[in-house]
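If you want the building blocks of each chain, they are given just below.
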2 protein chains.
Amino acid sequence: MKVGFVGLGAMGEPMARNLAAAGLLAAVWNRTPARAAALSAALGIDSAPSPAELAATVDVVIICVSADADVIRIVDALRPAARPGLVVVDCSTVSPDTARKAAQRLGEGGAEFLDAPVTGGVEGARSGRLAMMIGGSPATLAKVEPALSAMATRIVFMGDTGAGQAAKAVNQVMCAGINQAVTEALAFGEKLGLDMDRVIDVVSGGAAGNWFLEKRGPTMTRGTFAPGFKLALHHKDLAICLSMAANMQIDLPLTAATLDDYTALMADGFGDEDISALYRRKRP
Amino acid sequence: MKVGFVGLGAMGEPMARNLAAAGLLAAVWNRTPARAAALSAALGIDSAPSPAELAATVDVVIICVSADADVIRIVDALRPAARPGLVVVDCSTVSPDTARKAAQRLGEGGAEFLDAPVTGGVEGARSGRLAMMIGGSPATLAKVEPALSAMATRIVFMGDTGAGQAAKAVNQVMCAGINQAVTEALAFGEKLGLDMDRVIDVVSGGAAGNWFLEKRGPTMTRGTFAPGFKLALHHKDLAICLSMAANMQIDLPLTAATLDDYTALMADGFGDEDISALYRRKRP
């Protein structure tokens, strides 16, 4: 199986490196050509001149870009190469509607599509231990599972096209709430004058234990907010979640509050920081 | 070292059993005598007629009760037996002020006191893998650490008397926020029609992963809310946290919202359920 990778950002680059380590990566393409050139030189693999030319030489194209419009742009660029036997896997976090649009457009040429958003942060991308939520057909998943296994240790089939993105929306809503929970609690601890490294250690070992506290607690309490997961991207995801919720006429109050907090932080110039920069609005 | 245990509730009983398994438990006392009689018969250890008579026969008394008034009542009952060499360890979750009051009253007789609240749920109490937050003197902690190690795998010294309870308050605030985060997100997932066991599996593997989701997600989405951690007790803890926050003139909005939710649930008769019964107010 030959795999091509589109989108060599903070998540995509380490994911592509893990595919290369598994001997599966044949070629890459990136909107900013310098990133693709650097990685292709480092790994000794091809840098394709366009998404379609990449797709023509591989069995599987994996996409990992930022926004809905980016996915649609890549999908449209891939359409000339869409053919039976080609599988396109989108690991970006976008709306279920975008996933269905992508599947439909690529399906016209006979290509198969999976929505396969991931969670686990840059740490998970680097270690190849992401969790991946799959929407599409089980038969398509079976075909590409060896490639996905190079990037993820937990690959869960969620249902038809879009179901992977729906599960990721649940994940992003939970991340927003956990960010609120952790920042409120740690700001309270700082105000109480506690040794925050010890608080993070002991709280991590119990019923409030969570990934975000362990990974981001020590840095947020030191006032450093390097991404990680860029706040502006989570803001974009939460807007999708709130739109999905509005369509179903349900409220997501914690998600809405987090969107407002992020909007204020972006206005203050913190959009490129990690989502833990929410602590800026909480700490004493 | 001979240990006596006071308070054989959902947490205390399994903690006492782990002390017995380590060969350290000499005697127990409980407000409801039947529970003490049953455990003393099962373990072949003494059931003391009063806290003071328990304390007279042991080196360490461990308390695990529910509320501030309960701790003060036990401490006052222990005072006749307070003497140099006796260490009293309170594993209850109460206010830092109660811890300071207990230390002062027992100190008058020459006894030493540690506040040592725990986290890890009934699961942690049973497995002896609790996390414990210590306030008091490091020398006192060193004396009793072998006994504490029978109940907890993470024992963290936080500072002077009350600092253990302050750290626990941070933990309880974080638990409240995580409860809100998990229930909001899972209700969203149910409304989206997703297979919730799969959602819980995949989300647990990533950046939103947390203890509460793994342990309580599968039961809350099935509509079962057996404690676990009783909602009315968390309500009591959050009232302490909000009072501490008010004293420092800071807001804990998520904690305050959770207190309101719990108040409503208690009014509807759900106070004896697990805190995950918050899902009753969120699910579609």
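See the structure printed just above.
For clarity, every value in this text was computed on a predicted model and none was experimentally measured.

*Asks:* I'd like a rundown of the relation of the copies chain A and chain B, residues and numbers included.
*Replies:* Superposition record for chain A on chain B: RMSD 0.0 Å, screw rotation 180°, translation along axis 0.0 Å. Such a turn and shift between the copies fits a two-fold axis. Among all residues of chain A, the one whose C-alpha sits closest to the rotation axis is Asn210(A), at a distance of 2.0 Å. Of the interface residues in chain A, 100% have counterparts in chain B that sit at the interface too, so the contact is made through matching surfaces.

*Asks:* Outline the nonpolar core, supporting the account with residue identities and numerical values.
*Replies:* Grouped together as the largest cluster of nonpolar side chains are 98 residues, with contacts concentrated most on Leu186(A), Phe188(A), Leu186(B) and Phe188(B). With sequence-adjacent residues up to four places away left out, Leu186(B) is seen in contact with Met174(A), Met196(B), Val199(B), Ile200(B), Leu213(B), Gly217(B), Met220(B), Thr221(B) and Tyr279(B).

*Asks:* Run through the side chain of Thr255(A), naming residues and quoting values.
*Replies:* Considering the arrangement of structural elements, one finds Thr255(A) in helix 12 (residues 253–267). Not counting residues within four places of it along the chain, the set of residues in contact with Thr255(A) comprises Val173(A), Leu238(A), Leu242(A) and Glu184(B).

*Asks:* Please provide a residue-by-residue account of unusual backbone geometry, values included.
*Replies:* Cis geometry is found at the peptide bond from Pro227(A) to Gly228(A), where omega equals 5°. You can see Gly228(A) is positioned in the loop between helix 10 (211–220) and helix 11 (231–247). The phi dihedral of Gln249(B) is positive, around 55°, even though this residue is not glycine. Among the structural elements, Gln249(B) can be located in the loop between helix 11 (231–247) and helix 12 (253–267).

*Asks:* Break down the interface of chain A and chain B for me, citing the residues and quoting the values.
*Replies:* Facing the 57 residues of chain A at the interface are 57 residues of chain B. For the pair chain A and chain B, the two sides together bury roughly 4800 Å², of which 76% comes from carbon and sulfur. Broken down residue by residue, the surface that chain A buries against chain B is led by Met174(A), Glu184(A) and Phe188(A), which jointly contribute 15%. Scanning the region where chain A abuts chain B turns up two salt bridges. The residue Arg154(A) makes a salt bridge to Asp201(B) at a minimum N-O spacing of 3.1 Å. For the side of chain A that touches chain B, the secondary structure elements donating two or more residues are strand 8 (130–135), strand 9 (152–159), helix 8 (163–191), helix 9 (196–204), helix 10, helix 11 and helix 12 of chain A. Looking at the side of chain A that touches chain B element by element, the count peaks at 20 residues for helix 8 of chain A. Its residues assigned to classes, the side of chain A that touches chain B shows 38 nonpolar, 13 polar and six charged.

*Asks:* Explain the environment of Ser276(B) to me, using residue names and the numbers behind them.
*Replies:* Residue and element names in this part refer to chain B. Along the chain, the position of Ser 276 falls in the segment after helix 12. On the accessibility criterion, Ser 276 (1% relative accessible area) is buried. Residues in contact with Ser 276, not counting those within four places in the same chain, are Asn 179, Thr 183, Phe 212, Arg 216, Met 220 and Phe 225.

*Asks:* Break down the pattern of salt bridges for me, citing the residues and quoting the values.
*Replies:* Inspection of the entire model under this criterion finds 33 salt bridges over all chains. Linking Arg198(A) and Asp195(A) is a salt bridge whose minimum nitrogen-to-oxygen distance equals 3.4 Å. A residue is classified by how much of its surface remains accessible, and Arg198(A), at 34% relative accessible area, is partly exposed. Overall, Asp195(A) belongs to the partly exposed group, its relative accessible area being 34%. Glu112(B) is the partner of Lys143(B) in a salt bridge, and the nearest nitrogen-oxygen pair spans 2.5 Å. Of this pair, Lys143(B) sits in helix 7 (residues 138–148) while Glu112(B) sits in strand 6 (residues 112–115), placing them 31 residues apart in sequence. On the basis of relative accessibility, which here comes to 46%, the residue Lys143(B) falls in the partly exposed class.

*Asks:* Can you break down the packing of aromatic side chains residue by residue, with the values?
*Replies:* Pairs of aromatic rings are described using the distance from one ring centre to the other and the angle between the two planes. If you walk through the whole model with that rule in mind, you get zero aromatic pairs over all chains. Above the plane of the ring of Phe270(A) lies Arg280(A), whose end atom (NZ or CZ) is 4.0 Å from the centre.

*Asks:* Provide a residue-level description of helix 5 (residues 96–107) of chain A, including the pertinent values.
*Replies:* Compared with the 16 Å implied by 1.5 Å per residue over 12 residues, the 16 Å span of helix 5 of chain A between its first and last C-alpha is a close match. Residues of helix 5 of chain A that are buried make contact with helix 4 (68–78), strand 5 (87–90), strand 6 (112–115), helix 8 and helix 11 of chain A.

Rules of the game
Residues numbered from 1 in each chain as written. Chains lettered and ligands numbered in written order. Predicted model: local features only at pLDDT ≥ 70, side-chain atom pairs only at ≥ 80, totals over all residues. Heavy atoms only, no water. Least-squares fit on C-alpha atoms with pLDDT ≥ 70 in both. Contact = heavy atoms within 4.5 Å. Core = buried A, V, L, I, M, F, W, Y, C linked by side-chain atoms within 4.5 Å. Buried < 20%, exposed > 50% of the residue type's maximum accessible area, 1.4 Å probe, protein only. Helix = DSSP H or I, 4+ residues; strand = E, 2+ residues; numbered from the N terminus. Buried area = accessible area lost by both parts, 1.4 Å probe. Salt bridge = Lys/Arg side-chain N within 4 Å of Asp/Glu carboxyl O. Nonpolar A, V, L, I, M, F, W, Y, C, P; charged D, E, K, R; others polar. Phe/Tyr/Trp six-rings, centres within 6.5 Å; stacked < 30°, edge-to-face > 60°. Lys NZ or Arg CZ within 6 Å of the ring centre and 35° of its normal. Expected span 1.5 Å × (residues − 1).

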